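Below, each chain spelled out in residue letters.
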Amino acid sequence: MMIRICLLLLLALGTLNLTAQRNTNAALAESNYSRLFEARYVQKPPQYPFGADSCRRFYYAAFGGFDSVLSKVIEQGDTAKYIRVYFSFIVDRNGSPYEGRFERIAGTPYARGESARTIKYFSEDRKYYDKLIAAMVAKMPFWKPALQNGIPVDCRVDDFLQFWVGINPPSY
């Protein structure tokens, strides 16, 4: 009789230990996926529902600052180059974009490449462009969320829109 009680007690303690370990692993996994991921480092980045070209067209249609960027660039004599407006936003695990932020405005002679140099005279207009980017992101449709190990996660997307300021863009 005493042996049965001891065996049942050991069995119950072992079951409690496994349950506690499972709960700890689940909490650890939940905390691992509840952080904010970067789009370029996540296994499957968020996707605009209508494709990359439509995403670019949306940026051009919804960004309300082309006239101010263009007039300031021409006023400063920065022509014959590509102008890039860099921004970021978060796509949450449900696919909703929010928290649009203006990062910088840069110029580059090349349509492709990462060698864009920040244009300093836009720094005093940061709040103005921040509002424009926030308004653009607020108009965005839902995205397909980012996936990490098959689990939807919150993800920061860094992107830019680019346009040529000059007479004819170079053909490389």
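What counts, and where the lines are drawn
- Residues numbered from 1 in each chain as written.
- Predicted model: local features only at pLDDT ≥ 70, side-chain atom pairs only at ≥ 80, totals over all residues.
- Heavy atoms only, no water.
- Helix = DSSP H or I, 4+ residues; strand = E, 2+ residues; numbered from the N terminus.
- Buried < 20%, exposed > 50% of the residue type's maximum accessible area, 1.4 Å probe, protein only.
- Contact = heavy atoms within 4.5 Å.
- Areas by Shrake-Rupley, 256 points an atom, 1.4 Å probe, with all protein chains shown as cover.
- Arc of directions from axis to C-beta.
- Pairing = 2+ DSSP bridges.
- Axes fitted to C-alpha atoms, helices over the stretch in contact; angles between N-to-C directions.
- Expected span 1.5 Å × (residues − 1).

Draft legend 1. Structural view of the overall build of the chain. On a plain count of helices and strands, the chain comes out with 4 helices and 7 strands. Helices (α) and strands (β) of the chain occur, in sequence order from the N terminus, as α-β-α-α-β-β-β-α-β-β-β. Each of the 172 residues in the chain was classed as buried or not, and the buried ones make up 35%. Look at the contacts in the chain between residues 6 or more apart in sequence, and 77% of them connect residues 24 or more apart. By element, 58% of the accessible surface of the chain is carried by carbon and sulfur atoms, the whole surface being about 11,100 Å².

Draft legend 2. Representation of helix α3 (residues 66-76) within the structure. Those residues of α3 not exposed but buried are S68, V69, K72 and V73. Buried positions in α3, seen along its axis, are confined to an arc of 125° and lie on one side of it. Seen from the open side of α3, the exposed residues pointing more than 90 degrees away from its buried face are D67 and E75. Those residues of α3 that are buried lie in contact with β2 (81-91), β3 (97-108), α4 (126-138) and β7 (155-165). Remark: G77 follows α3 within two positions and exhibits a positive phi of approximately 80°.

Draft legend 3. How the structure looks around the sheet that holds β7. In spatial order, the strands read β1-β7-β2-β3-β4; together these 5 strands make up an open sheet with mixed pairing. Strand pairing shows two members of the sheet lacking a second neighbour, β1 (37-38) and β4 (117-118), which therefore form its edges. Here 2 bridges tie β3 to β4, and the two strands are oriented antiparallel to one another. Counterpart to G107 in the pairing with β4 is R117. Most of the contacts of helix α2 (residues 52-62) go to β7, to which it runs at about 70°, and overall it touches β2 and β7. α3 rests against β2, β3 and β7 of the sheet, and its axis sits at about 55° to β7.

Draft legend 4. Quick look at the pairing of β7. Counting buried residues along β7, 9 of its 11 residues qualify, which places the element largely inside the surrounding structure. Pairing analysis gives 2 bridges linking β1 to β7, with the strands arranged parallel. From the neighbouring strand, E38 faces β7, where its bridge partner is R156. Two elements, β2 and β7, share 11 bridges in a ladder whose sense is antiparallel. By the bridge assignment, Y82 is partnered in β7 with W164.

Draft legend 5. Representation of α4 in the model. Here α4 spans 18 Å end to end across 13 residues, near enough to the 18 Å set by a 1.5 Å rise per residue. Those residues of α4 lying buried are Y129, L132, I133, M136 and V137. All buried residues of α4 lie within an arc of 135° about the axis, which places them on one face of the element. For α4, the exposed residues lying more than 90 degrees away from the buried face are K127, K131 and A138.

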